[in-house]
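Below, each chain spelled out in residue letters.
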Amino acid sequence: MRTTAVVALLVAALCVASAARIPDFDEDLSNTKETLSNVGSVQRWLGLAKKEKGDKPAYVAFKYYVEPKNKQMFVEAWQKLEEATKDEKQLVIFDLKKPMTDNLLWVGYGEWKSMSDYLEHFESSYVQDFLDSLAENDIAWSLTPLIRPDVAELHSSNKGKTSKQQAHVLIRYTVAPSKQQAFLDAWDKAEKGTEREKGAHIYSLRKVLGDNTHFIAYGTWETMQDYEEHFKSSHVKELRETLDEHDIVWQLAPLFKVGDQPE
């Protein structure tokens, strides 16, 4: 499949998923104007694979809207996809989580060493089989291109196993453009404090490419108690004070891990 065909397929899928009348905790898919903006961003983002920037890292978030009756089928299909994907040489991360806030939304995240590597992933037969399974069961999905801001991030080198006791958290920030430098400075400072915490495995921030206001942070701690200590820490308290000072809205969702990739 040619790259242009892949771009067209992804854009069409984004339009279909965005138009689906399915409730979303952040309600972003029901807004037509934002949908069109996201489609344009996906086109530009995927277009990098055909240019000199095709060697830049690819960061992608996925949303799946799965009715409870399709849960078992979806999980089995995704686990089959994960098993095939983990053999890709240029893969960095490929993971699935279930927010504990509802029984509909599932979120995935992937990183590849380059845009070209991501397109090869998307063109693969196992991805097409997975997407066919979603279509056959009327499961809507969307993808969100992300970029990595110029801030520090924690990825523990000592993460050889996955434990059901681990705490996984997703945080969405809505930041006005004029407040973003203050936000990034405050988040970077909080990250440096998090590096010293007991049980902290991952603490990273990404910027949504489809608009100019949204950031997504993800964190993993060895236990829920470790996360609670993180939340009560002085560096996170200072971060929250900065958020309040600049009227930055944040939303937190605890997650349940589905895949078996070590964190």
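Thresholds, definitions, all that
Residues numbered from 1 in each chain as written. Predicted model: local features only at pLDDT ≥ 70, side-chain atom pairs only at ≥ 80, totals over all residues. Heavy atoms only, no water. Core = buried A, V, L, I, M, F, W, Y, C linked by side-chain atoms within 4.5 Å. Buried < 20%, exposed > 50% of the residue type's maximum accessible area, 1.4 Å probe, protein only. Helix = DSSP H or I, 4+ residues; strand = E, 2+ residues; numbered from the N terminus. 1 Å grid on protein atoms, 1.4 Å probe; cavity = no way out; pocket = protein on both sides within 12 Å on 5 of 7 lines; lining within 4 Å. Points joined across faces, edges and corners; volume = space filled by probe spheres on them. Nonpolar A, V, L, I, M, F, W, Y, C, P; charged D, E, K, R; others polar. Pairing = 2+ DSSP bridges. Contact = heavy atoms within 4.5 Å. Phe/Tyr/Trp six-rings, centres within 6.5 Å; stacked < 30°, edge-to-face > 60°. Lys NZ or Arg CZ within 6 Å of the ring centre and 35° of its normal.

A few words on the nonpolar core. Counting 27 residues, the largest nonpolar core has Y64, F74, W106, Y118, F130 and L134 as the members making the most contacts within it. Sorting elements by how many residues they give to this core places helix α3 (residues 71–85) first, with five residues. In terms of nonpolar packing, the next biggest core, distinct from the first, is built from 22 residues, I171, Y173, W187 and A190 among them.

Time to look at empty space enclosed by the protein. Per the counting criterion, the structure on display carries three cavities of 30 Å³ or more. The space that makes up the largest cavity amounts to roughly 150 Å³. Around the largest cavity, the lining is made up of 17 residues, and of these I171, Y173, Y203, H230 and V236 lie nearest the centre. The set of elements that each furnish at least two residues to the lining of the largest cavity consists of β6 (167–174), β8 (214–221), α7 (224–232), α8 (234–245) and β9 (249–257). Residues that form the lining of the largest cavity fall into these classes: 14 nonpolar, two polar and one charged. Taken as a whole, the second largest cavity encloses approximately 100 Å³ of empty space. In terms of lining residues, the second largest cavity is bounded by F62, Y64, L81, F94, Y118, H121, F122, V127, F130, L131 and W141. For the lining of the second largest cavity, the secondary structure elements donating two or more residues are β1 (58–65), α4 (115–123) and α5 (125–136). Looking at the lining of the second largest cavity residue by residue, the classes come out as 10 nonpolar, one polar and no charged.

Looking now at the pairing of strand β4 (residues 140–147). By the criterion of burial, β4 is predominantly enclosed, with seven of the eight residues buried. Bridge count between β1 and β4: seven bridges; the pairing is antiparallel. Bridging across to β4, F62 finds its partner in L143. Summarising the sheet, β4 and strand β7 (residues 200–208) pair through two bridges and their orientation is antiparallel. Looking at β7, one finds that I147 is bridged to K207.

Time to look at the side chain of S204. With respect to the helices, strands and loops of the structure, S204 is situated in strand β7. Contacts of S204, omitting those with residues within four sequence positions, involve E153, H155, W187, I216, A217 and Y218.

A few words now on the packing of aromatic side chains. Under the counting rule described, the total for this entry stands at 16 aromatic pairs. Residues F74 and F130 carry aromatic rings whose centres are separated by 6.3 Å and whose planes lie at 45 degrees to one another, so their mutual orientation is tilted. Of the two residues, F74 is situated in helix α3 and F130 in helix α5; the sequence distance between them amounts to 56 residues. We note that F74, like F130, is buried. Their ring planes at 45 degrees and their centres at 6.2 Å tell us that Y227 and F231 sit as a pair that is tilted. Of this pair, Y227 and F231 are both found in helix α7, four residues apart, which corresponds to roughly one turn of the helix. One aromatic cluster is present, built from ring pairs that chain together W187, Y203, W221, Y227, F231 and W250. The ring of W106 is capped by K98, whose NZ or CZ atom sits 5.8 Å from the centre of that ring. Here the basic side chain of R240 rests over the ring of F231, its NZ or CZ set 4.4 Å away from the ring centre.

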